[in-house]
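Summary of the model geometry
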Amino acid sequence: MASRLNPYINFTGNATQAMEFYKDVFGGSLTVMTYGDAGASDMPNPEQMMHGMLETDSGYTLMASDLPPGVPHNPGDTISVSLSGDDGDDLRRYWTKLSASGTVSIPLEKQMWGDEFGACKDQFGINWLVNISQASA
């Protein structure tokens, strides 16, 4: 396997719900291991996600987990997930789903550098950046 760089997002009890949402947005295959699956069935919430990975047909990978009890959680403070490319139809579809129940800070529209770009925070507090590259003239 080649090296990969992908976001890893931590949640507090709703990682499965969030990853199912992202699977609905991007499609692909979601694998989940709970704390109980990993042998930590004596912890307070063994049904919570210890590790999840969404691998999409477009080649995106997103990983996530529920934080163990007592670990501080500050969603969205230090990470934005960037989606970029030249497949405008796919990227606009992702944008529509991600922003539908969230907050748009920059509408997806043509920017001064020539690309379409938008920024939003989804319903789970995760910041998303979408950039649709324009064909060179």
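Residues numbered from 1 in each chain as written. Predicted model: local features only at pLDDT ≥ 70, side-chain atom pairs only at ≥ 80, totals over all residues. Heavy atoms only, no water.

Details of the overall build of the protein
Scanning the protein from N- to C-terminus turns up two helices and eight strands. Secondary structure elements of the protein occur, N-terminal to C-terminal, as β-α-β-β-β-β-α-β-β-β. Seen through its C-alpha atoms, the protein measures out along the principal axes to roughly 60 × 30 × 25 Å. The buried share among the 137 residues of the protein stands at 38%. Across the protein, the fraction of contacts at a sequence separation of at least 24, relative to all contacts at a separation of at least 6, is 52%. Counting only carbon and sulfur atoms, one obtains 49% of the accessible surface of the protein, whose full area is about 7,800 Å². Computed over 7 positive and 17 negative side-chain charges, the inter-centroid distance for the protein is 6 Å. (Helix = DSSP H or I, 4+ residues; strand = E, 2+ residues; numbered from the N terminus. Buried < 20%, exposed > 50% of the residue type's maximum accessible area, 1.4 Å probe, protein only. Contact = heavy atoms within 4.5 Å. Areas by Shrake-Rupley, 256 points an atom, 1.4 Å probe, with all protein chains shown as cover. Lys, Arg positive; Asp, Glu negative; His and termini not counted. Charge placed at Lys NZ, Arg CZ, Asp CG, Glu CD.)

Section: helix 2 (residues 88-100)
Taking 1.5 Å of rise per residue, the 13 residues of helix 2 would be expected to cover 18 Å, and the 18 Å separating its terminal C-alpha atoms lies within 8% of that figure. All of the buried residues in helix 2 are G88, L91, Y94, W95, L98 and S99. For helix 2, the buried positions fall inside an angular range of 130° around the axis, keeping them on one side. Along helix 2, the residues that are exposed and aim more than 90 degrees away from the buried face are D89 and A100. Each element contacted by the buried residues of helix 2 is listed here: helix 1 (15-26), strand 5 (80-85), strand 6 (103-110), strand 7 (116-121) and strand 8 (127-132). (Expected span 1.5 Å × (residues − 1). Arc of directions from axis to C-beta.)

What about the packing of aromatic side chains?
Using the criterion set out here, one finds ten aromatic pairs in the structure. Centre to centre, the rings of Y22 and W128 are 5.6 Å apart; their planes meet at 55°, and the pair counts as tilted. Taken together, the residues Y22 in helix 1 and W128 in strand 8 connect sequence positions 106 residues apart. Each member of the pair, Y22 as well as W128, carries the same accessibility label: buried. Joined through ring pairs, the aromatic side chains of F11, F21, Y22, F26, Y60, Y94, F124 and W128 make up one cluster. (Phe/Tyr/Trp six-rings, centres within 6.5 Å; stacked < 30°, edge-to-face > 60°.)

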